[in-house]
Amino acid sequence: MLLIHCPYCQEDRAELEFRNGDEAHILRPENITEISDAEFENYFFLRDNPKGLVFERWRHISGCGKFFRAVRHTVTDKFVMTYRQDEPKPDQATIEARMAGGAK
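Residues numbered from 1 in each chain as written. Predicted model: local features only at pLDDT ≥ 70, side-chain atom pairs only at ≥ 80, totals over all residues. Heavy atoms only, no water.

S.K.: When you look at the overall build of the protein in this model, what are you seeing that I'm missing?
M.R.: Looking only at helices and strands, the protein features 2 helices and 6 strands. Listed by position from the N terminus, the elements making up the protein come as β-β-β-α-β-β-β-α. For the C-alpha atoms alone, the extent of the protein along its principal axes is close to 45 × 30 × 25 Å. Across the 104 residues in the protein, those meeting the buried criterion constitute 27%. Looking at the protein as shown, the accessible area adds up to about 7,100 Å², and 48% of this sits on carbon and sulfur atoms. Treating the 15 positive side-chain charges of the protein as one cloud and the 18 negative ones as another, the clouds have centres 7 Å apart. (Helix = DSSP H or I, 4+ residues; strand = E, 2+ residues; numbered from the N terminus. Buried < 20%, exposed > 50% of the residue type's maximum accessible area, 1.4 Å probe, protein only. Areas by Shrake-Rupley, 256 points an atom, 1.4 Å probe, with all protein chains shown as cover. Lys, Arg positive; Asp, Glu negative; His and termini not counted. Charge placed at Lys NZ, Arg CZ, Asp CG, Glu CD.)

S.K.: Can you walk me through the side chain of His5 in this structure?
M.R.: Within the secondary structure layout, His5 lies in strand β1 (residues 3-6). With relative accessibility at 13%, the residue His5 sits in the buried group.

S.K.: Quick question: what am I supposed to make of the sheet that holds strand β6 (residues 79-84) here?
M.R.: Across a sheet, paired strands are connected by hydrogen bonds in the backbone, their directions being either parallel or antiparallel. Strand order in this open sheet of 4 strands is β3-β4-β5-β6, and the pairing throughout is antiparallel. Looking at which strands have only one partner, the edges of the open sheet turn out to be β3 (18-23) and β6. The average undirected angle you get between the axes of adjacent strands in this sheet is 35 degrees. Strand direction decides the pairing type here: β3 and strand β4 (residues 53-60), joined by 4 bridges, are antiparallel. (Pairing = 2+ DSSP bridges. Axes fitted to C-alpha atoms, helices over the stretch in contact; angles between N-to-C directions.)

S.K.: Explain unusual backbone geometry to me, please; I cannot follow it from the model alone.
M.R.: With glycine set apart, most residues show a phi of negative sign, and most peptide bonds adopt trans. In this structure, His25 is a non-glycine residue whose phi angle is positive, near 65 degrees. Of note, His25 is situated in the loop between β3 and α1 (37-44). A positive phi angle is found at Asp77, which is not glycine, with a value near 65 degrees. Examined against the element boundaries, Asp77 turns out to sit in the loop between β5 (67-73) and β6.

S.K.: Which parts of the structure should I look at to understand the side chain of His60?
M.R.: On the secondary structure map, His60 appears in strand β4. Classification of His60 as buried rests on a relative accessible area of 2%. Among all residues touching His60, those that are not within four sequence positions of it are Cys6, Cys9, Arg13, Glu17, Phe18, Gly65, Lys66 and Phe68. (Contact = heavy atoms within 4.5 Å.)

S.K.: Help me understand the pairing of β4 in this model?
M.R.: Note on strand geometry: in a regular strand, side chains alternate between the two faces of the sheet. Sheet analysis places β4 next to β5, joined by 7 bridges and oriented antiparallel. Within the sheet, the bridge partner assigned to Phe55 lies in β5 and is Val71. Between β4 and β5, which pair antiparallel and follow one another directly, the connecting turn spans 6 residues, one of which, Gly65, has a positive phi of 80 degrees.

S.K.: I would appreciate a short explanation of the packing of aromatic side chains in the present structure.
M.R.: In total, this model carries 7 aromatic pairs according to the counting rule given. Ring plane angle 90 degrees and centroid distance 5.7 Å describe the contact between Phe18 and Phe68, whose orientation is recorded as edge-to-face. One end of the pair, Phe18, is in strand β3; the other, Phe68, is in strand β5, with 50 residues separating them in the sequence. With centroids separated by 6.4 Å and ring planes inclined at 55 degrees, the aromatic side chains of Tyr43 and Phe44 adopt a geometry described as tilted. The structure contains a cluster of three or more aromatic residues connected by ring pairs, namely Phe40, Tyr43, Phe44 and Phe45. (Phe/Tyr/Trp six-rings, centres within 6.5 Å; stacked < 30°, edge-to-face > 60°.)

What follows is the structure in structure tokens.
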């Protein structure tokens, strides 16, 4: 079983308490009514699925109920770090430090 750190509750909890909320840091079109069908399809339906590190949204449904963001490795399924919705996307140096054993 995976343990996921909730950055709001400040606890590591079982994965059963969480739900994946899709890819993080997706920019919504400025005026969604003016984009083409192909642009809407790309925004709404298509997601990256890389092998390696991904940025995701998760929700702590059995705890605080809040959405947060996570950096997860798709091969190992390991959560590298989690961070609050209002925090910026971490840079590569921060991610590498966490992968080397830094704080959550």
